[in-house]
Amino acid sequence: MRLNVASTLVPVALIVLAGCLVGTARANFLVEYHGNFSELAREVEFELQQLRQTNGALIREFNREMLLELASMVPRMRQASRELEMYIQYRDDVDDECREYTMFLFELYRTFQEFDIQDCAYYAFADLQADALFRFLPYERSYTRENFRSISQTVITLGRTNVLDAAEVEDELADELEYFTTLRESYRTLLQEELAKHGDDAYVTINRFESCRDEAFYWQDNDIEYIKSYLDDNCYM
């Protein structure tokens, strides 16, 4: 987020106008505080940009790892399915009726296997979406809004205090600057913690996917053995 020059000039103009009310000499602190708030906002925005880039890189890497996991799952199951289909087609000593029925079973169980793959992919997608949308982003957005507000804090303070009482205005500005400075440290810690959670979330997601994948392998292997045994006995079971 780049600070808009016009949005910076407008508060300064209002501060100058306020200076006419409280006295030009006494109003110098308004310009000083406005500069402090603007500088703090600029520094915070730079830090947020760095954190956004880090978060984006983590999300991209997480997606890449999950795609690699899927890439290892699908070809293995596809190859096993193709080999079983060839086995059914070319198995000797099987009558046509049995071969036809066994092909029906093959198609049926292959549909179940496709559902297993889709389930694993869906669960992975749900975890990836949660990691991208709910781990870091809500806190970053909240802080970005608050940081943007700090740019106009001097004008906000002038709008809700007795502008003729320079001491009151200065006291509130000092409190607000301390608030935004403290907020910076709090959010800095919070956002770093959110980035660190990515590793834990990724570990859980990959383990969950691997369990889902292994279960899909298990059931496919069982399906294959069942269909082969059915065919080997010429459907007399």
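The structure presented is a predicted model; accordingly, all values stated were derived computationally and were not measured.

Membership of the largest hydrophobic core comes to 20 residues, with the highest contact counts inside it found for Phe-29, Tyr-143 and Leu-173. Of all the secondary structure elements, the ones that give two or more residues to this core are helix 2 (24-90) and helix 6 (166-232). Top element by residues in this core is helix 6. It accounts for 9 residues. Setting aside residues up to four positions removed in sequence, Phe-29 forms contacts with Ala-166, Val-169, Glu-170 and Leu-173.

Let us now look at the packing of helix 4 (residues 137-151) against helix 6. Two quantities define a packed helix pair, namely the angle between the helix axes and the distance between the axes. Between helix 4 and helix 6, the shortest axis-to-axis distance is 11 Å and the interhelical angle comes to 160°. For the element pair helix 4 / helix 6, the angle class is roughly antiparallel. In terms of crossing hand, the pair formed by helix 4 and helix 6 is left-handed. In this structure, helix 4 contributes Tyr-139, Glu-140, Ser-142, Tyr-143, Glu-146, Arg-149 and Ser-150 to the contact, and helix 6 contributes Tyr-179, Phe-180, Leu-183, Arg-184, Tyr-187, Leu-190, Leu-191 and Glu-194. Counted by class, the contact of helix 4 with helix 6 contains 8 nonpolar, 2 polar and 5 charged residues.

Using the criterion set out here, one finds 17 salt bridges in the structure. One salt bridge connects Glu-194 with Lys-197, and the closest N-O pair in it is separated by 2.8 Å. Residue Glu-194 and its partner Lys-197 are both found in helix 6; the two are separated by 3 residues, about one turn of the helix. Judged by relative accessible area, Lys-197 falls into the partly exposed class, the value being 39%. A cluster of three or more residues bridged by salt bridges with shared partners is formed by Glu-43, Glu-47, Arg-184, Glu-185 and Arg-188.

Quick look at the packing of aromatic side chains now. Taken as a whole and assessed by the stated rule, the structure comprises 12 aromatic pairs. With a centroid separation of 6.0 Å and 85° between ring planes, the pair formed by Phe-37 and Phe-180 is classed as edge-to-face. Pair noted here: Phe-37 is in helix 2 and Phe-180 is in helix 6, with a separation of 143 residues, a long-range link. In this structure, Phe-37 and Phe-180 share a single accessibility class: buried. Aromatic side chains Tyr-218 and Trp-219 sit 5.2 Å apart centroid to centroid with 75° between the ring planes, which places their arrangement in the edge-to-face category. Residue class for Tyr-218 comes out partly exposed when judged on its relative accessible area of 46%. For Trp-219, a relative accessible area of 44% corresponds to the partly exposed category. Ring pairing ties together the aromatic residues Tyr-101, Phe-104, Tyr-109, Phe-112, Tyr-226 and Tyr-230, which thus form one cluster.

Considering every residue of the protein, the mean pLDDT works out to 86; 86% of them sit at 70 or more. The element-level mean pLDDT for the protein is lowest in helix 1 (residues 5-22), coming to 44, with helix 3 (residues 96-134) highest at 94. Low pLDDT, under 50, characterises residues 1-23; the stretch is placed with 27 contacts to residues that sit more than four places away or in other chains.

Glancing now at the state of the cysteines. Using the criterion set out here, one finds 2 disulfides in the structure. For Cys-120, the disulfide goes to Cys-212, at an S-S distance of 2.0 Å. Handedness here is read from the sign of the S-S torsion; for Cys-120 and Cys-212, about -95°, the answer is left-handed. Note that Cys-120 is positioned in helix 3 and Cys-212 in helix 6, a separation of 92 residues in sequence. Like Cys-120, the residue Cys-212 is buried in the burial classification. If one numbers only the bonded cysteines of the protein, in the order they occur, the disulfide pattern is 1-4, 2-3.

The rules we used
- Residues numbered from 1 in each chain as written.
- Predicted model: local features only at pLDDT ≥ 70, side-chain atom pairs only at ≥ 80, totals over all residues.
- Heavy atoms only, no water.
- Core = buried A, V, L, I, M, F, W, Y, C linked by side-chain atoms within 4.5 Å.
- Buried < 20%, exposed > 50% of the residue type's maximum accessible area, 1.4 Å probe, protein only.
- Helix = DSSP H or I, 4+ residues; strand = E, 2+ residues; numbered from the N terminus.
- Contact = heavy atoms within 4.5 Å.
- Axes fitted to C-alpha atoms, helices over the stretch in contact; angles between N-to-C directions.
- Parallel < 35°, antiparallel > 145°, perpendicular 65-115°, else oblique.
- Left-handed = near helix turned anticlockwise from the far one by under 90°.
- Nonpolar A, V, L, I, M, F, W, Y, C, P; charged D, E, K, R; others polar.
- Salt bridge = Lys/Arg side-chain N within 4 Å of Asp/Glu carboxyl O.
- Phe/Tyr/Trp six-rings, centres within 6.5 Å; stacked < 30°, edge-to-face > 60°.
- pLDDT = per-residue confidence, 0-100.
- Disulfide = S-S within 2.5 Å.

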